[in-house]
Amino acid sequence: QVGRTADLQVIDDPAEQFRYEVDVAWATRTSPDDKARYPRADYTLGPNFLTSLAAVEGIDRAKICQVVVDVLTGRVHDIPARQTHQLRSGMGGNDPTVTAADGALYWRVSLQHKTPQARRLHYVQNHDGSVLLSSIRKHDDFRP
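Attention here is on the structure that accompanies the text. In this text the structure is predicted, and so the values were computed from the model without any measurement.

About the cut-offs
Residues numbered from 1 in each chain as written. Predicted model: local features only at pLDDT ≥ 70, side-chain atom pairs only at ≥ 80, totals over all residues. Heavy atoms only, no water. Phe/Tyr/Trp six-rings, centres within 6.5 Å; stacked < 30°, edge-to-face > 60°. Lys NZ or Arg CZ within 6 Å of the ring centre and 35° of its normal. Pairing = 2+ DSSP bridges. Helix = DSSP H or I, 4+ residues; strand = E, 2+ residues; numbered from the N terminus. Contact = heavy atoms within 4.5 Å. Axes fitted to C-alpha atoms, helices over the stretch in contact; angles between N-to-C directions. Core = buried A, V, L, I, M, F, W, Y, C linked by side-chain atoms within 4.5 Å. Buried < 20%, exposed > 50% of the residue type's maximum accessible area, 1.4 Å probe, protein only.

**With respect to the packing of aromatic side chains**
Link 1 in the chain: Taken as a whole, this structure holds one aromatic pair when the rule is applied.
Link 2 in the chain: Sitting above the plane of the W26 ring, K35 keeps its charged end 5.3 Å from the centroid.
Link 3 in the chain: It is R75 that lies over the ring of Y38; its NZ or CZ is 4.0 Å from the centre.

What follows is the structure in structure tokens.
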């Protein structure tokens, strides 16, 4: 079943398992023509990413991998439902944006809608085009 393959635990190492799931999501969500047009950016897993992934409840891992693919291919900004915007330090529109030590911006993208404490993916778009997957947080949690 397409999109459900990511539910299979096939690799003991959690980081490599997640990378496998992202590979499956990209392969099944991206047409052959789009694979050349929307290649995946290089990415790293931040020090809190796997911990936050393991702790998240109420969302299918396959959905998380699909959104990660949207981020890695750059398509995330073209999908209105993702509600992608720069991560702010709080709920206020005037709260400062969060940046990495080198000035790269943190972004926040919706994993869920109309769900209590809907989950969000926080990531950094690095200056070299690569992506740092930072964490998965609940709606009111603005930690990077």
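Back to the text.
**Observations concerning the sheet that holds strand β4 (residues 119-125)**
Link 1 in the chain: With mixed pairing, the five strands of this open sheet are ordered in space as β1-β5-β4-β3-β2. Each edge of the sheet is formed by a strand with only one pairing partner; in this case those strands are β1 (43-45) and β2 (85-86).
Link 2 in the chain: Here β2 runs beside strand β3 (residues 105-110); their pairing, made up of two bridges, is antiparallel. Considered in β3, the bridge of Q86 is made with W107.
Link 3 in the chain: Strands β1 and β5 (131-138) of the sheet are contacted by helix α1 (residues 14-29), whose axis makes an angle of about 140° with β1.

**Considering the nonpolar core**
Link 1 in the chain: Ranked by internal contacts, the top residues of the largest apolar core, which has 28 residues, are F18, I64, L121 and L133.
Link 2 in the chain: Of all the secondary structure elements, the ones that give two or more residues to this core are α1, β1, α3 (49-55), α4 (61-73), β3, β4 and β5.
Link 3 in the chain: If you tally residues by element for this core, the top one is α4, at seven residues.
Link 4 in the chain: Sequence-distant contacts of F18, that is, excluding residues within four places in its chain, are made with L45, F49, L50, L53, R61, I64, C65, V68 and L133.
Link 5 in the chain: If you look at the next biggest cluster of nonpolar residues, it comprises seven residues, including V98, A100, A104 and F142.

All quantities given are derived from atomic positions and should not be read as evidence of function.
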